[in-house]
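Spelled out, the chains give:
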Amino acid sequence: EPEVTQTPSHQVTQMGQEVILRCVPISNHLYFYWYRQILGQKVEFLVSFYNNEISEKSEIFDDQFSVERPDGSNFTLKIRSTKLEDSAMYFCASSEGRLSYEQYFGPGTRLTVT
Amino acid sequence: EDQVTQSPEALRLQEGESSSLNCSYTVSGLRGLFWYRQDPGKGPEFLFTLYSAGEEKEKERLKATLTKKESFLHITAPKPEDSATYLCAVQPPRDAGNMLTFGGGTRLMVKP
């Protein structure tokens, strides 16, 4: 069964460093998303991406964040200068986008900023 | 602003003891309500989408129902492997985007 994959599973970085989180969405899906979940809190929407551009973003997704689809399979989230409060689980999701908008999530990347 | 509230926050059941989880929401023009299961340290696993009041969907021991203000996830004769956090999320009308707004989840523990 097709699934969303994410790498790495755990990333430790120092405050101020740049990180790139990687995702491979389900192959025939057209919409891609990033969400995050701070420990013990709700899953929060960050950004959605369609047709090679951002289609919507939340207030959390400020200038420190960017997304890119560098090739036909990968979807990345970059955080330019990490802060302690960026420590969270980051989930990538994708949806087919024509007949269905159900979002399928990856296993997540745990980002720890020290 | 879309709001999703789940109750209870935590629920302990004995194996075989049926119960229901609640998700109440306020969203203008709901497009879809989603149920997910989340195991510790893992990503949300899709369970159901409900689109209109009165709709019901079933999968094994789980049944999801939807009214105009809330959704219920009924668990019939649960087993220990049903232990997880169950998340509810709403999707706004099509012209407002595809983002999901999640509730805080119900942590279900089923004891053998």
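Before any of the text, the structure's been laid out above.
A brief structural summary. (Residues numbered from 1 in each chain as written. Chains lettered and ligands numbered in written order. Predicted model: local features only at pLDDT ≥ 70, side-chain atom pairs only at ≥ 80, totals over all residues. Heavy atoms only, no water.)

**Side note on the overall build of chain B**
Which entries qualify depends on this criterion: In DSSP terms, a helix is any run of H or I states spanning at least four residues, a strand is any run of E spanning at least two, and both are numbered starting from the N terminus. Atoms considered for the radius of gyration are the C-alpha atoms alone. The globule rule reads 2.2 Å times the number of residues to the power 0.38. Exposure is judged per residue with a 1.4 Å probe applied to protein chains only, and the accessible area is read against the type maximum: over 50% gives exposed, under 20% gives buried, and values in between give partly exposed. By the convention used here, residues are in contact when the closest approach between their heavy atoms is within 4.5 Å. In short, Shrake-Rupley with a 1.4 Å probe defines the accessible areas, and a residue's cover is counted only from the protein chains shown. Charged residues are defined here as Lys and Arg on the positive side and Asp and Glu on the negative side; His and the ends of the chain fall outside this count. For the purpose of locating charges, the reference atoms are NZ of Lys, CZ of Arg, CG of Asp and CD of Glu.
Scanning chain B from N- to C-terminus turns up zero helices and 11 strands. Beginning at the N terminus, the succession of helices and strands in chain B can be written as β-β-β-β-β-β-β-β-β-β-β. What you see for chain B is a C-alpha radius of gyration of 14 Å, in line with the 13 Å of a compact globule of 112 residues. Viewed in the frame of its principal axes, chain B has a C-alpha envelope of about 45 × 30 × 20 Å. Buried residues in chain B amount to 48% of all 112 residues. Once local pairs closer than 6 in sequence are excluded, the contacts in chain B between residues at least 24 apart make up 55%. With an accessible surface of roughly 5500 Å², chain B has 48% of that area assigned to carbon and sulfur atoms. Both charge centroids of chain B, one from 14 positive and one from 15 negative side chains, sit 1 Å from each other.

**Details of the interface of chain B and chain A**
So the rule is basically this: Buried area is understood as the total, over both parts, of accessible area removed when two parts are fitted together, assessed with a 1.4 Å probe. Just to be clear on terms, a salt bridge is a Lys or Arg side-chain nitrogen sitting within 4 Å of an Asp or Glu carboxyl oxygen.
Each partner contributes residues to the interface: chain B has 23 residues there, and chain A has 18 residues. Summing both partners gives a buried area of about 1600 Å² for chain B against chain A, and 54% of it is carried by carbon and sulfur. Inspection of the region where chain B meets chain A yields zero salt bridges. Breaking the side of chain B that touches chain A down by element, the ones donating at least two residues are β4 (32-38), β5 (45-50) and β9 (84-91) of chain B.

**Focus on the environment of V67 of chain A**
Residues and elements named next belong to chain A. Structurally, V67 is set in strand β7 (residues 65-68). C-alpha of V67 to C-alpha of T13: the two residues are 54 residues apart in sequence and 19 Å apart in space. Excluding its chain neighbours within four sequence positions, the residues that come into contact with V67 are W34, V47, F49, I54, F61, F75, T76 and L77.

**A look at the pattern of salt bridges**
Residues and elements named next belong to chain B. Counted according to the given criterion, the structure contains five salt bridges over all chains. Between K57 and E55 there is a salt bridge, with its nearest N and O atoms 3.7 Å apart. On the basis of relative accessible area, K57 is assigned to the partly exposed category, the value being 27%. A salt bridge links E56 to K63; the shortest N-O distance between them is 3.8 Å. Given a relative accessible area of 49%, E56 falls into the partly exposed group. Overall, the relative accessible area of 27% leaves K63 in the partly exposed class.

**Considerations on the state of the cysteines**
Simply put, the disulfide is a covalent bond whose two ends are the sulfur atoms of two cysteines. Heads up, the condition is: The term disulfide is used for any two cysteine sulfur atoms that are within 2.5 Å.
Within the structure shown, the criterion is met by two disulfides over all chains. Disulfide pairing places C23 of chain A opposite C92 of chain A at an S-S distance of 1.9 Å. With the S-S dihedral at roughly -60°, the linkage between C23 of chain A and C92 of chain A falls on the left-handed side. Of this pair, C23 of chain A sits in strand β3 (residues 19-24) while C92 of chain A sits in strand β9 (residues 88-95), placing them 69 residues apart in sequence. Pair check on accessibility: C23 of chain A and C92 of chain A agree, each one buried. At a sulfur-sulfur separation of 1.9 Å, the disulfide partner of C23 of chain B is C88 of chain B. Where C23 of chain B bonds to C88 of chain B through sulfur, the torsion about that S-S bond is close to -55°, and the disulfide is left-handed. Here C23 of chain B is found in strand β3 (residues 19-26), whereas its partner C88 of chain B is found in strand β9, with 65 residues between them in sequence. Residue C88 of chain B is classed as buried on the basis of its relative accessible area of 0%.

**Digging into the sheet that holds strand β1 (residues 5-7) of chain A**
Residue and element names in this part refer to chain A. For clarity, the cut-off: By definition, two strands form a pair when at least two bridges between them are found by DSSP. For helices, the fitted axis covers only the stretch in contact; all axes are lines through C-alpha atoms, and the angles between them, taken along N-to-C directions, range from 0 to 180 degrees.
Taken in spatial order, the four strands make up an open sheet running β1-β3-β8-β7, and their pairing is antiparallel. The outermost strands of the open sheet, each flanked by one partner alone, are β1 and β7. Across the sheet, the axes of successive neighbouring strands diverge by a mean angle of 20°, strand direction being ignored. Strand direction decides the pairing type here: β3 and strand β8 (residues 75-79), joined by five bridges, are antiparallel. When the bridges of β8 are listed, L21 appears paired with L77.

Shape is all these values report; function is a separate question.
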